[in-house]
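This is what each chain is made of:
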Amino acid sequence: MLADSVYEAVKAKVMDHEIEPGARVGIEALARALDVSPTPVREALARLESDGLVTKRSLAGYRATELLTRQGLDELFEMRLLLEPRAAALAAENADDPELDAIEDLVEEMREHPGTGDRYAVYRDFAALDQRFHDTIARATGRSLLADAVGRLHSHLHIFRLGSIAGAGPLTLAEHDRVLRAILRRNPERAAEAMRDHLTASLERQHRREAPGPE
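Residues numbered from 1 in each chain as written. Predicted model: local features only at pLDDT ≥ 70, side-chain atom pairs only at ≥ 80, totals over all residues. Heavy atoms only, no water.

**Let's talk about the packing of helix H1 (residues 2-15) against helix H3 (residues 38-51)**
The angle between the axes and the distance between the axes are what describe a pair of packed helices.
Inference 1: Viewed as axis vectors pointing N to C, H1 and H3 meet at an angle of 60°, and their least axial separation amounts to 8 Å. Relative to H3, the element H1 is oriented oblique. Crossing of H1 against H3: the hand is right-handed. On the side of H1, the interface is formed by Leu2, Ala3, Asp4, Val6, Tyr7, Val10 and Lys11, while H3 contributes Pro40, Val41, Glu43, Ala44, Leu45, Arg47, Leu48 and Asp51. (Axes fitted to C-alpha atoms, helices over the stretch in contact; angles between N-to-C directions. Helix = DSSP H or I, 4+ residues; strand = E, 2+ residues; numbered from the N terminus. Parallel < 35°, antiparallel > 145°, perpendicular 65-115°, else oblique. Left-handed = near helix turned anticlockwise from the far one by under 90°. Contact = heavy atoms within 4.5 Å.)

**Comments concerning the layout of surface pockets**
Using a probe with the size of a water molecule, rolled over the atoms, empty space left in the structure can be pinpointed.
Inference 1: The calculated volume of the largest pocket comes to roughly 230 Å³.
Inference 2: Surrounding the largest pocket, 16 residues form its lining, Lys11, Ala127, Ala128, Gln131 and Leu157 being those nearest its centre.
Inference 3: Looking at the lining of the largest pocket, the elements with two or more residues in it are H1, helix H6 (120-139) and helix H8 (155-160).
Inference 4: It is H6 that contributes the most residues to the lining of the largest pocket, 6 residues altogether.
Inference 5: Grouping the constituent residues of the lining of the largest pocket by class yields 7 nonpolar, 4 polar and 5 charged. (1 Å grid on protein atoms, 1.4 Å probe; cavity = no way out; pocket = protein on both sides within 12 Å on 5 of 7 lines; lining within 4 Å. Points joined across faces, edges and corners; volume = space filled by probe spheres on them. Nonpolar A, V, L, I, M, F, W, Y, C, P; charged D, E, K, R; others polar.)

This is a description of form; function is not addressed.
Shown next as structure tokens:
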């Protein structure tokens, strides 16, 4: 439990830019700030490295990763548009009843959490559920390599690190509903279309925000 709480505390500092993008992450300083030993901080940073939120360089320690540039954002969504509409179609064909229930439950649970806010603590649950929605669909494909590829993108962490977008929560939920209904109806074509529309709309919302970092 200590390891998890330290991980979440350090993650919040990265997501909220208390640790600035590109800045060195001091293990001893974090341990003092969180009143813990350096060991759980090192464990947290190793997990954050696998999340893509920090990088470790030989003899230079950890640094917070830079924010996505517009090009990086476009490339991330290009990968998602290659993978996730296909995943939605396969989930419509292959998901078993427990997997369908899990996808539906996630949509319902997202309604109970705010999707926007200035701090990670406010939108953390919405972001986590959003990630689980997409990951659960990918796992329901019956294609382990596809599911792993979707999960490794860590797309939600990178996108939400740019900051939440006012009014995006209800739009996201409506788009998830369309994906869910198509999967529940076992309609792979509509599931793929709904996922493609959702990702395209999400990218357009990101483009309408202030440009995310240097070109």
